[in-house]
There are 2 protein chains.
Amino acid sequence: MSISERKEREKSEMRELVLQTALKLFIDKGFENVSIRKIADAIDYSPGTIYLYYKDKDEILFELHNRGFSEFYKFQLAVQNIEDPIARLDAHGRAYIDFALSNPEYYDIMFIARAPAKKIKLFNNWELGDRTYSLLKDNVKSCIDAGYYQGQNLEAVVFALWAFVHGIASLIIRERMQLVPKDVLQQLTAGALQFMKSTAK
Amino acid sequence: MSISERKEREKSEMRELVLQTALKLFIDKGFENVSIRKIADAIDYSPGTIYLYYKDKDEILFELHNRGFSEFYKFQLAVQNIEDPIARLDAHGRAYIDFALSNPEYYDIMFIARAPAKKIKLFNNWELGDRTYSLLKDNVKSCIDAGYYQGQNLEAVVFALWAFVHGIASLIIRERMQLVPKDVLQQLTAGALQFMKSTAK
DNA sequence: TGCATAAATGAACACCGTTCATTATATTTA
DNA sequence: TAAATATAATGAACGGTGTTCATTTATGCA
C-alpha cells in the first residue's frame, strides 16, 4: 500500500503546487495574467501536464475560490466573540469589507468573476457561499431577538446587508471609485457603514 | 466641402456599424464571445479594418459603456416626476435594479467589467457615472429636506444606497444567486428594497 | 534485466488582439 | 480622359490563449 499511498500524496502535492503557483501569479500579476502556460512555466512543467491534475482552467479557479472562502470564513469567525449583537453585526460588516479590500483577488474570484459560477451551477450547490450567508443570518437573527429590526423580515434584511457590503467591495475592486481619493473613500465607506448600523433600529 | 463631409459621415456610419454589431454579439452571445474577428466577420470586413475606426477593443467597449449610460439615464428620468421624495427615491431604486436586470450586458460593462475602468482612468473623469450619481444624490437630498434620514450624512447615505442596489444587481448578474429560485429571489429583492425604504426614517 | 504501467511532453488546433506591408479603390491633378 | 496621388481595406504574421493527444520518458514489478 505504501507505494500507492505515496503516489496519491504526490498527486495531491502536485495539485497543491499548481494551485499555489496560480495564486501567486494571480496576486502578483493580476487575473488576466494567469494562464495555464504561465503556471506550467513557473513550475518547470509543460502545459499539458497541468491537465493531468486539473480538468480545465475553471477547475483551478474554482479551487482558488474555495480557498478564498476558507480564508474568509476564518476571518469572519474572529468577530463572532463580540457579545452585543449590534456591535457584532457592525464588526461583521466591517470585517467583510476589510477582507475584500485586503484580498481583492480572492474576493473577486469568490463573488465577482464569471468563471466559478459555472462550476457552482454544475455542482448545484454553493456550500461555502451558504456557510458564509448563515453566519450573517445568525448575527442578524441575534439582533432581531434582541429587539432590533422590528417588524422586518429576516431574510430580506440579511440579503440587503449582504448586497450593501458586496456593493461597496465590488465597486471599489472593479475600480468604479478610482476617481475618489483614497482617504475620502475611506470616510465614505465608514459613513455608509455607520448609516447602515443606525438602521438596525 | 461635400466630399469631405460625406467621408466624415461614412466614417461615423462605419463606427456606428461596428458598435451596433458589437452590441448585437454582446447581447446574443455574451461578453466572452465578442471578438474583433467576429465583429469584422459579421459585417464582412477584415479584422484589420476595425482598427481604422477604433484604436483598440477597449475603445469599443468603452463606447458601449457610454451608450449604456445614455440608456440608463433616460430610464432613470422616467421616475423623476414622482412628487413625494420617498416614493421617488424608492421608485429610483427599483428602476435601477430593473434596468440592470433587463439590460445585464449594459449594466455589466458599465459597473462590473474591467475593460472600461482603464479608459475612465485615462480620461480622469467619469462624467456619465457622475451624472447618474447626481441624480441619486438629488433624490436623497429631497428626502433629507423633507425631514427623512435625520442626522445622517448626505454623501454617506447616497453611497450606501448606491452600493445596496449595485450589490443586488451585481450578485444576480454575476450568478451568485443562481441557486435561489427566480420567484424567491424576486421576493427577496422586493423585501430588501422595502427594508431599505423603511430606513429613511 | 525486461516488460507493463504511469507520467510528462510538446507539437498541433482553433482561437484571440494587434500590426503593417501590400493591394485596391477613390479622388485630384495634368 | 489618363496619370498621379491619397485614402481605404486587406490578410498574413506575431505572440499570446485553452486544450488535446500521439509519442516519449520514467517508474514499478516479475
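Everything numeric in this text was worked out from a predicted model, so none of it was measured.

Things to note about the packing of aromatic side chains
Residues and elements named next belong to chain A.
Line of reasoning, step 1. Under the defined criterion, the tally for this structure stands at 30 aromatic pairs over all chains.
Line of reasoning, step 2. Ring geometry for F69 and F111: centres 5.3 Å apart, planes at 70°, overall edge-to-face. With F69 in helix α4 (residues 57-77) and F111 in helix α6 (residues 104-111), this residue pair connects regions lying 42 residues apart in the sequence. Note on accessibility: F69 and F111 belong to one class, buried.
Line of reasoning, step 3. With 5.2 Å between their ring centres and 75° between their planes, F72 and Y96 make a pair best called edge-to-face. Residue F72 is found in helix α4, and its partner Y96 is found in helix α5 (residues 85-102); the two are separated by 24 residues along the sequence.
Line of reasoning, step 4. For F72, a relative accessible area of 0% puts it in the buried group.

Thoughts on the pattern of salt bridges
Line of reasoning, step 1. A full pass over the atoms with the stated rule returns 28 salt bridges over all chains.
Line of reasoning, step 2. Salt-bridge contacts for K137 of chain B lead to E155 of chain B; the nearest nitrogen and oxygen are separated by 2.7 Å. Residue K137 of chain B is found in helix α8 (residues 127-145), and its partner E155 of chain B is found in helix α9 (residues 154-173); the two are separated by 18 residues along the sequence.
Line of reasoning, step 3. Three or more residues joined by partner-sharing salt bridges are found here, namely K55, D56 and K119 of chain A.

Regarding the relation of the copies chain B and chain A
Line of reasoning, step 1. For the pair chain B and chain A, the best superposition has an RMSD of 0.1 Å and corresponds to a rotation of 180° with a translation of 0.0 Å parallel to the axis. Look at the turn and shift together and you get a two-fold axis relating the two.
Line of reasoning, step 2. Counting the interface residues of chain B, we find that 100% of their copies in chain A are interface residues as well, pointing to one common contact surface.

Considerations on the protein's contact with DNA strand C
Line of reasoning, step 1. As a structural note, the neighbourhood of DNA strand C is formed by 20 residues, with T49 and Y53 of chain A together with R6, R37 and Y51 of chain B the closest of them.
Line of reasoning, step 2. Sugar plus phosphate, as a fraction of atoms of DNA strand C within 4 Å of the protein: 59%.
Line of reasoning, step 3. Y53 of chain A places a side-chain nitrogen or oxygen 2.4 Å from a phosphate oxygen of DNA strand C.
Line of reasoning, step 4. Contact distances for DNA strand C include 2.8 Å between a phosphate oxygen and a side-chain N or O atom of S35 of chain B.
Line of reasoning, step 5. Elements with a contribution of two residues or more to the surface near DNA strand C: α3 (47-50) of chain A together with α1 (2-29) and α2 (36-42) of chain B.
Line of reasoning, step 6. Here the residues of the surface near DNA strand C are counted per class, giving 7 nonpolar, 5 polar and 8 charged.

Here's the deal with the protein's contact with DNA strand D
Line of reasoning, step 1. The environment of DNA strand D is made up of 20 residues, and the closest members are R6, R37 and Y51 of chain A together with T49 and Y53 of chain B.
Line of reasoning, step 2. Counted by atom, the contact set of DNA strand D within 4 Å of the protein is 61% sugar and phosphate.
Line of reasoning, step 3. Side-chain polar atom of Y51 of chain A to a phosphate oxygen of DNA strand D: 2.7 Å apart, as the coordinates give it.
Line of reasoning, step 4. Here Y53 of chain B contributes a side-chain N or O atom positioned 2.4 Å from a phosphate oxygen of DNA strand D.
Line of reasoning, step 5. Sorting the residues of the surface near DNA strand D by element identifies α1 (2-29) and α2 (36-42) of chain A together with α3 (47-50) of chain B as the ones contributing at least two each.

Things to note about the domain arrangement of chain A
Interface size is commonly expressed as the accessible area that is lost once the parts come together.
Residue and element names in this part refer to chain A.
Line of reasoning, step 1. As far as domains go, chain A holds domain 1 (1-54) and domain 2 (57-198).
Line of reasoning, step 2. Computed over C-alpha atoms, the centres of domain 1 and domain 2 are 29 Å apart.
Line of reasoning, step 3. Counting from both sides, the interface comprises 17 residues of domain 1 and, opposite them, 10 residues of domain 2.
Line of reasoning, step 4. Roughly 1200 Å² is buried in total at the junction of domain 1 and domain 2, and carbon and sulfur atoms are behind 74% of that figure.
Line of reasoning, step 5. Contact with domain 2 buries area across many residues of domain 1, yet L19, F26 and Y54 alone supply 40% of it, more than any other trio.
Line of reasoning, step 6. Taken together, the connections running from domain 1 to domain 2 amount to 2 salt bridges.
Line of reasoning, step 7. For the side of domain 1 that touches domain 2, the secondary structure elements donating two or more residues are α1 and α2.

Overview of the side chain of S170 of chain A
Line of reasoning, step 1. Residue placement: S170 of chain A occurs in helix α9 (residues 154-173).
Line of reasoning, step 2. A polar contact is formed between the side chain of S170 of chain A and the side chain of H166 of chain B, at a distance of 3.1 Å.
Line of reasoning, step 3. The contact partners of S170 of chain A, leaving out residues within four places of it in the chain, are I112 of chain A together with H166 and S170 of chain B.

Some details on the interface of chain B and chain A
Line of reasoning, step 1. With 47 residues of chain B at the interface, the matching set in chain A holds 47 residues.
Line of reasoning, step 2. Summing both sides of the interface, chain B and chain A together bury roughly 4000 Å²; the carbon and sulfur share of this comes to 66%.
Line of reasoning, step 3. Here chain B is connected to chain A by 2 salt bridges.
Line of reasoning, step 4. We note a salt bridge from R114 of chain B to D108 of chain A, for which the minimum N-O separation is 2.7 Å.
Line of reasoning, step 5. Connecting chain B to chain A are 16 residue pairs in polar contact (both at pLDDT 80 or more).
Line of reasoning, step 6. Those elements that place two or more of their residues in the side of chain B that touches chain A are α6 (104-111), α7 (115-123), α9 and α10 (182-198) of chain B.
Line of reasoning, step 7. In terms of residue count, α9 of chain B provides more of the side of chain B that touches chain A than any other element does, 13 residues in total.

Cut-offs applied
Residues numbered from 1 in each chain as written. Chains lettered and ligands numbered in written order. Predicted model: local features only at pLDDT ≥ 70, side-chain atom pairs only at ≥ 80, totals over all residues. Heavy atoms only, no water. Phe/Tyr/Trp six-rings, centres within 6.5 Å; stacked < 30°, edge-to-face > 60°. Helix = DSSP H or I, 4+ residues; strand = E, 2+ residues; numbered from the N terminus. Buried < 20%, exposed > 50% of the residue type's maximum accessible area, 1.4 Å probe, protein only. Salt bridge = Lys/Arg side-chain N within 4 Å of Asp/Glu carboxyl O. Least-squares fit on C-alpha atoms with pLDDT ≥ 70 in both. Contact = heavy atoms within 4.5 Å. Near = heavy atom within 4 Å. Polar contact = N/O pair within 3.5 Å; in protein donor to acceptor, adjacent residues only side chain to side chain. Nonpolar A, V, L, I, M, F, W, Y, C, P; charged D, E, K, R; others polar. Domains from an automatic or database assignment. Buried area = accessible area lost by both parts, 1.4 Å probe.

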